[in-house]
Amino acid sequence: MLTFASPLCFIQLYCHYQRHRLCFLTLCNNKINDSQLVSSFSLRGLLLPAIHSLVSSGSPLGIDEAFLSSCKEVSKTLSLGSPAVFANAILVSVSPTAYDFAKHSLDEDKEAVVSAVAPLSIFYTRAAYDFYGTPSGALCIYKNGDAWPIRTGPESQRIIREARGVHGHPMQATWCELGEHVYTLLDDQGVRWTSIDPLAFAEAGKKTFSPLLIWIGVEPESLTYELANTAAEAITFLLTEAGFSGFEIGFRESVVTRSVAGPKMLSFDPFTDAVPEFRKPFTPALGLSIAPLKTPHFEGTGALYFHESKDSNRVLLLTCAHVVRPPLAHPHDTVLDRKTKRHPREQVIALGNSGYINALKSMMGAIGDLDHSIRDWQYVLDRLGKPKEGEPENTTEKRDEYLALVKKARKRVSEINKFHSETVKQWTIPDQRIIGEVLHAEPIDFNVAPHGFTSDWAIIELYDDKFDWDTFVGNKVYVGGNLSSLDYGKLMFPRPEDQANYKYPEDGLLQAFGVVQADEIYNPKHLDANGEHCLLVVKNGLATGTTTGRVMGMESFTRVYDEYGIKGTSMEIAVLPYGSMNGPFSAPGDSGSIILDRSGRILGMVTGGAGTASRTDVTYLTPYWWIEGEMKRHFPNSFLYEVVKKAVE
């Protein structure tokens, strides 16, 4: 990588690129430093749109040929579930809820998976079967109880399974106390556990088949089969002595993660915006990607907007403390309170490193996809030939249909390319994306009395001149993008009686209001497609966009270690993905996302998850009713930003 000793304009950079073909992202007056260098992202993909008016356009789409080539490459690298694919669902026949199960397969080039399965299968032959279908592809180290069904025969495939919450179990009322006994027992046995999730499993799309499973995550390569067996026997004895039966104990490897002067934030109106799915990351709609200016590689999501008080003009944004003050850069046990302005400013930007680059890549991937579709449709048009007098009516109709598709796609390419060019010009430098500063950050603490939750929240003061308050949408979560209105309705309102009065949120913006109280977490009123009780929820975050999930009915416990031993143990409210085909509910980078139930009531804020380092099986949240009480101790007169009604034109 090169650094620049003096400013270079876009034309100079382009010439430099033509000579060396090196990869850069951000520019600054003196050099490209570590906090600004976000990726070895192709320079041509970033800078050519900003200067393509200076060079000839050889592409039939009317955009620079080199930029189009980059778009095609990006299109190939994006997964089926990426925003770029969702953006074109209307033009290319791709299911917006499709999910890639190749990562679970032992028949493809997955050497790491094969090597992990082999030693486990020596002791537990169903290691690759019991939890197959979970987002992380979790392998089972050990499970007691009756063997779960598998398919047999040389051509048989493994059964895809999905985790489900458990509601109304006799153990539910005393689980918090029992759970503490369980993890104390694990500590005594020397098990380096990371998470304890009480749940059940079902075959994908069917009713739950398993009994209550105490699903215990352990640090990778830390638990032997023999110790797992011994620990399971001890837990079984403990719970049986407490008067319970009909449960099983299962172990899998799992880590708990805590992710984390320029233009104004853009307005957001999905109804009228030309490319709303690409515009959304640059707007203040909930799900806003944020990061500390000094460490933009630590990223997270904004949760909710507040007024400081009726007598104050300050607008505040709630998020996780570990997002704006990453523990690697700040001691986790220190408080920041900048109400008096004596503390140095810790500024926050919209879109950290990966947030910004992913926003650009999604646009480029969409252009690449559209170009591919246009070529396919043009092939059909070439076969149909030019209009002929007396040709069959269906031939004429088919030609008109494909001509309309090409015209629509070309227009969309032009709109995306224009927005990409504007974005590169105005948003590339992190300083251009500053939106506020940290006003208050609580020390990150675990097992906070009396409820045992994790304390991990912070307040950002937003800079007034960075927002267009006339178009500000307030506390609304965009539930579009990943999901069509039809898919959203089917997922969140799966029962015929629910659909009778269902109405998709206007413009895909779900208004946050009201609070889900503790009792409904444990005794939900919703029913899923199989008639089982559950609390259905939705969120929009930096890493995974819009996702739907189901809340577990019993609390989880998490354990985090550092190099010196135990760092913290906490009780968590957990969310599972809603269905095996929809991918994980969250991923690193979604911390701070607000979770709403299907009517818009606020459940809580994402603080972390358990699974592998890159794939999350279980998402953890701190309930909003608890966060609100903690906030009132420091901001007693704060209140949620008022409901913003769309102006009638």
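The model shown is predicted, which means the values in this text are computed figures rather than measured ones.

A. Geometry of the overall build of the protein. Helix and strand counts for the protein come out as 15 helices and 28 strands. As displayed, the protein offers around 27900 Å² of accessible surface, 52% of which is attributable to carbon and sulfur atoms.

B. Main features of the packing of aromatic side chains. One pass over the structure, following the stated rule, counts 25 aromatic pairs. Between Trp175 and Phe557, the aromatic rings sit 6.0 Å apart at their centres with planes inclined by 65°, giving edge-to-face as the arrangement. For Phe557, a relative accessible area of 2% corresponds to the buried category. Taken together, a centroid distance of 4.8 Å and an interplanar angle of 75° make the contact between Tyr305 and Phe472 edge-to-face.

C. The arrangement of the nonpolar core in detail. With 155 residues, the main nonpolar core has Leu186, Ile196, Ile216 and Phe251 as its most contacted residues. With twelve residues, the top contributor of residues to this core is helix H10 (residues 353-384). Setting aside its immediate chain neighbours within four residues, Phe251 contacts Phe131, Leu139, Cys140, Ile141, Tyr142, Leu186, Ile216, Val218, Leu223, Ala228, Ala231 and Ala232.

D. Examining the side chain of Glu299 more closely. On the secondary structure map, Glu299 appears in the loop between strand S7 (289-292) and strand S8 (300-301). Although Glu299 is buried, it forms no salt bridge, and the closest oppositely charged side chain is Arg433 at an N-O distance of 7.3 Å. Of the polar contacts made by the side chain of Glu299, one reaches the backbone nitrogen of Gly352; its length is 3.3 Å. One polar contact links the side chain of Glu299 to the main-chain amide nitrogen of Gly355, over a distance of 2.9 Å.

E. Representation of unusual backbone geometry. For the peptide bond that leads from Ala449 to Pro450, omega is 0°, which places it in the cis range. Following the sequence through the fold, Pro450 ends up in the loop between strand S14 (445-448) and strand S15 (453-455). Positioned with a positive phi, Leu351 is a non-glycine residue whose angle comes to about 65°. Of note, Leu351 is situated in the loop between strand S12 (347-350) and H10. The class for Leu351 is buried, based on a relative accessible area of 1%. For Asp507, which is not a glycine, the phi torsion comes out positive at approximately 60°.

F. A look at the environment of His297. Mapped onto the elements, His297 comes out in the loop between S7 and S8. Remark: the alpha-carbon pair of His297 and Gly355, spanning 58 residues in sequence, is separated by 9.2 Å.

G. Main features of the pattern of salt bridges. Tallied over the entire structure, the rule returns 24 salt bridges. Notably, a salt bridge pairs Arg325 with Glu346, separated by 2.9 Å at the nearest N-O pair. Of this pair, Arg325 sits in the loop between helix H9 (321-324) and strand S11 (336-337) while Glu346 sits in the loop between S11 and S12, and the two are 21 residues apart along the sequence. Per residue, the accessibility class of Arg325 equals that of Glu346, and both read buried. The network of salt bridges with shared partners includes Arg151, Glu203 and Lys206.

H. Summary view of the packing of H10 against helix H11 (residues 393-427). At a closest axis distance of 9 Å, the pairing of H10 and H11 adopts a crossing angle of 160°. On the basis of the axis angle, H10 is roughly antiparallel to H11. The crossing of H10 and H11 is left-handed. Class assignment of the residues belonging to the contact of H10 with H11 gives a composition of 22 nonpolar, four polar and four charged.

I. Expanded view of the side chain of Gln511. Locating Gln511 in the fold gives a position in strand S18 (residues 509-511). The class of Gln511 is buried, set by a relative accessible area of 13%. A distance of 3.2 Å separates the side chain of Gln511 from the backbone oxygen of Asn475, its partner in a polar contact. Here Gln511 is in contact with Asn475, Lys476, Ser599, Gly600, Val643 and Val644, once residues within four sequence places are set aside.

J. Seen up close, helix H6 (residues 175-189). The terminal C-alpha atoms of H6, which comprises 15 residues, lie 20 Å apart, in line with the 21 Å expected from a rise of 1.5 Å per residue. For H6, the set of buried residues is Trp175, Leu178, Gly179, Val182, Tyr183, Leu185 and Leu186. Down the axis of H6, the buried side of the element spans an arc of 155°, and every buried residue falls inside it. Away from the buried face of H6 by more than 90 degrees, exposed residues Glu177 and Asp188 are located.

K. Region of interest: the packing of H6 against helix H7 (residues 225-241). Contact geometry for H6 and H7: axes closest at 10 Å, N-to-C directions at 145°. When you trace H6 past H7, the crossing you get is right-handed. In this structure, H6 uses Leu178, His181, Val182, Leu185, Leu186 and Gln189 to contact H7, whose residues at the interface are Leu227, Thr230, Ala231, Ala234, Ile235, Leu238 and Leu239. The residue makeup of the contact of H6 with H7, split by class, is ten nonpolar, three polar and no charged.

Calculation notes
- Numbering of residues starts from 1 in each chain and follows the order in which that chain's sequence is written.
- With pLDDT at 70 or above as the cut-off, local features in this predicted model cover only qualifying residues; side-chain atom pairs require 80 or more to be listed or tallied, and sums for whole chains, interfaces and linings still use all residues.
- Processing note: side-chain calculations cover all non-hydrogen atoms of the structure and skip hydrogens and water entirely.
- Numbered from the N terminus, helices here are DSSP runs of H or I no shorter than four residues, and strands are runs of E no shorter than two.
- Only the protein chains shown count as cover for residues, with accessible areas throughout obtained via the Shrake-Rupley method and a probe of 1.4 Å.
- When two rings of Phe, Tyr or Trp (its six-membered ring) have centres within 6.5 Å they constitute a pair, described as stacked for plane angles under 30 degrees, edge-to-face for angles over 60, and tilted for the intermediate range.
- Accessible area is worked out with a 1.4 Å probe on protein chains only. A residue is then buried under 20% of its type maximum, exposed over 50%, and partly exposed in between.
- Among buried residues, those of type Ala, Val, Leu, Ile, Met, Phe, Trp, Tyr and Cys that are joined through side-chain atoms within 4.5 Å constitute a nonpolar core.
- Contact criterion: two residues are considered in contact whenever any of their non-hydrogen atoms come within 4.5 Å of each other.
- In summary, the charge assignment counts Lys and Arg as positive and Asp and Glu as negative, without counting His or the chain termini.
- Note on definitions: salt bridges are taken to be side-chain nitrogens of Lys or Arg within 4 Å of carboxyl oxygens of Asp or Glu.
- Within 3.5 Å is the distance limit for a polar contact, defined as a pair of N or O atoms, with the added protein rule that one can donate a hydrogen and the other accept it, and that residues adjacent in sequence qualify only through two side-chain atoms.
- To define axes, lines are fitted to C-alpha atoms, for helices over the stretch in contact only, and angles between the resulting N-to-C directions are given on a 0 to 180 degree scale.
- Reported orientations rely on four angle classes, namely roughly parallel under 35 degrees, roughly antiparallel over 145, roughly perpendicular from 65 to 115, and oblique for the rest.
- Helix crossings are classified by the rotation of the near helix relative to the far one: an anticlockwise turn of less than a right angle makes the crossing left-handed, while a clockwise turn makes it right-handed.
- We call Asp, Glu, Lys and Arg charged. Ala, Val, Leu, Ile, Met, Phe, Trp, Tyr, Cys and Pro are nonpolar, and the rest, Gly among them, are polar.
- Given the number of residues in a helix, its expected span is that number minus one, multiplied by 1.5 Å.
- Here, the arc refers to the directions that run from the helix axis to the C-beta atoms.

Geometric values such as these leave the question of function open.
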